[in-house]
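This is what each chain is made of:
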Amino acid sequence: MPFYDYQCEKCKDTFEVLQKVSDEPLTKCEKCEGPLQKVMNNMTFHLYGPGFHSTDNKRKYLK
C-alpha cells in the first residue's frame, strides 16, 4: 500500500496517510475540517538484485 501526502488548504498542515490504491481520497482535515488537497511528491526507487537485467544494475553484489 502506498503513502499519500495531503495538505490542508485552511491550516496548511501537511501529513501522509497509508491508503489502498482503491480507497477514496480524503476530503476533510482532521484538525480543522478544512478541505484537503493531495500533494504530488518526488518518489524514487531503485531496482537492485539478481532478478534485473545486468545493464540496469551497475552495483556489484557479494555472494
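Before reading on, note that the structure itself is shown above.
Reading the values: the criteria
Residues numbered from 1 in each chain as written. Predicted model: local features only at pLDDT ≥ 70, side-chain atom pairs only at ≥ 80, totals over all residues. Heavy atoms only, no water. Helix = DSSP H or I, 4+ residues; strand = E, 2+ residues; numbered from the N terminus. Buried < 20%, exposed > 50% of the residue type's maximum accessible area, 1.4 Å probe, protein only. Contact = heavy atoms within 4.5 Å. Areas by Shrake-Rupley, 256 points an atom, 1.4 Å probe, with all protein chains shown as cover. Phe/Tyr/Trp six-rings, centres within 6.5 Å; stacked < 30°, edge-to-face > 60°. Lys NZ or Arg CZ within 6 Å of the ring centre and 35° of its normal. Salt bridge = Lys/Arg side-chain N within 4 Å of Asp/Glu carboxyl O. Pairing = 2+ DSSP bridges. Axes fitted to C-alpha atoms, helices over the stretch in contact; angles between N-to-C directions.

Participant: Before we move on, can you summarise the overall build of the chain with the specific residues and values?
Facilitator: The secondary structure content of the chain amounts to zero helices and three strands. Overall, the chain shows an N-to-C arrangement of helices and strands of β-β-β. When each of the 63 residues of the chain is scored for burial, the buried share is 16%. Summarising the internal contacts of the chain: among those between residues at least 6 apart in sequence, 30% fall at separations of at least 24. Summing over all exposed atoms, the chain offers an accessible surface of approximately 5900 Å²; the carbon and sulfur share of this is 54%.

Participant: Can you tell me about the environment of N41, naming the residues and giving the values?
Facilitator: The residue N41 is located in the segment after β3 (36-39) in this model. For the pair formed by N41 and Y4, sequence separation is 37 residues and the distance between their alpha carbons is 8.9 Å.

Participant: Tell me about the packing of aromatic side chains, and name the residues and values.
Facilitator: For the structure shown, the criterion picks out one aromatic pair. Arranged with centres 6.1 Å apart and planes meeting at 25°, the rings of Y6 and F15 form a pair that is stacked. Classification of Y6 as buried rests on a relative accessible area of 0%. Above the ring of Y4, the side-chain terminus of K38 is found at 4.2 Å from the ring centroid.

Participant: Which residues make up the pattern of salt bridges, and what are the values?
Facilitator: Considering all chains together, one arrives at one salt bridge under this definition. A salt bridge links K31 to D13; the nearest nitrogen and oxygen atoms lie 3.4 Å apart. Note that K31 is positioned in the loop between β2 (14-18) and β3 and D13 in the loop between β1 (3-8) and β2, a separation of 18 residues in sequence.

Participant: Before we move on, can you summarise the sheet that holds β3 with the specific residues and values?
Facilitator: Strand order in the open sheet formed by three strands is β2-β1-β3, and the pairing between neighbours is antiparallel. Only two strands of the sheet have a single partner each, and these edge strands are β2 and β3. When the angles between neighbouring strand axes are averaged without regard to direction, this sheet yields 40°. Note that β1 and β3 share four bridges and pair antiparallel. By the bridge assignment for β3, Q7 is matched with Q37.

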